[in-house]
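Each chain, written out:
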Amino acid sequence: MSTDRSSTGSTARGARARARVEVTAAIKEAARRQLAEDGPAKLSLRAVARELDMVSSALYRYFPSRDDLLTALIIDAYDSLGAAAEAARDTATAAGEGPARRWTAVCEAVRAWALAHPHEYALIYGSPVPGYTAPQDTVRAASRVGLALIGIAREAHRGRGLAVPKLVAELEPEARRMAADLAPDLPPAVVATLVAAWAQLFGLVGFEVFGQFHRIVEERAPFFRQAAAGLARTVGIEH
């Protein structure tokens, strides 16, 4: 009998866990629809609860506050973007592509993801949400694209080598600090340029997603590909 009770209890716990996963996913999906309609600043737990025909007190058992829900959406968005970038890198690597092509593959994957998920892109790279400060929990997910690019630079450095960019003297202490924090095995000048390239990548993507290229750039895919290849060269990745 004790075995039966144990089995029944385990089954019940499993069912509750599955139900929690399903409800959590439904809450996030409703919140994403609200983001698309009203933007992150107007995200409301009460509105999400109404859409799902839940009482607010029930939703609070899943996300105690708006900021908790916002953080979950931000982490999901960063992870989805990071997974797309890493998959593109791995596909290019499996095809025998060199570091320069792996770099552009990652950049193109970032662009493709942003164009397919403009509201989620705006959540993580748009205007800050008033009253919200992203917690430390978001850092790992937010780092995935940058780490993919650093990894490609590292492989180039170990393989054919990098054409180390020049660095103005006044930036050398800061470049050494960034290298110690981000990639101690790379030359400080490379790390400083990597940080600049990372920022420029998201500047290019953001200009397209937010409509800043309207009536300026018409053939945007080749324009972006050319710009991404140029960023690789600034880092010293030439092949």
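Note that the structure is a prediction, hence the values are computed from the model and not measured.

Draft legend 1. A look at the pattern of salt bridges. The full count for this structure, using the stated rule, is 18 salt bridges. In this structure, arginine 32 and glutamate 120 form a salt bridge, with 3.8 Å as the shortest nitrogen-oxygen distance. Here the residue arginine 32 occupies a position in helix H1 (residues 2–38), and glutamate 120 occupies one in helix H6 (residues 118–125), the gap between them amounting to 88 residues.

Draft legend 2. Structural detail: H6. When we look at burial in H6, the residues that qualify are Glu120, Tyr121, Leu123 and Ile124. Looking straight down H6, one finds its buried side chains confined to an arc of 155°; they lie on one side.

Draft legend 3. Seen up close, the packing of aromatic side chains. Per the stated rule, a full pass over the model turns up eight aromatic pairs. When the ring of tyrosine 121 is compared with that of tyrosine 125, the centres are 5.2 Å apart and the planes differ by 35°; the resulting orientation is tilted. Taken together, the positions of tyrosine 121 and tyrosine 125, both in helix H6 and four residues apart, correspond to about one turn of that helix. For tyrosine 125, a relative accessible area of 22% corresponds to the partly exposed category. Each ring, one from tyrosine 121 and one from phenylalanine 210, has its centre 6.0 Å from the other, and the planes form 50°; the classification is tilted. With tyrosine 121 in helix H6 and phenylalanine 210 in the loop between helix H10 (188–209) and helix H11 (220–235), this residue pair connects regions lying 89 residues apart in the sequence. Here tyrosine 121 falls in the buried class, since its relative accessible area comes to 1%. Following the ring pairs from residue to residue traces out a cluster consisting of Tyr78, Tyr121, Tyr125, Trp198, Phe202 and Phe210.

Conventions used here
Residues numbered from 1 in each chain as written. Predicted model: local features only at pLDDT ≥ 70, side-chain atom pairs only at ≥ 80, totals over all residues. Heavy atoms only, no water. Salt bridge = Lys/Arg side-chain N within 4 Å of Asp/Glu carboxyl O. Helix = DSSP H or I, 4+ residues; strand = E, 2+ residues; numbered from the N terminus. Buried < 20%, exposed > 50% of the residue type's maximum accessible area, 1.4 Å probe, protein only. Arc of directions from axis to C-beta. Phe/Tyr/Trp six-rings, centres within 6.5 Å; stacked < 30°, edge-to-face > 60°.

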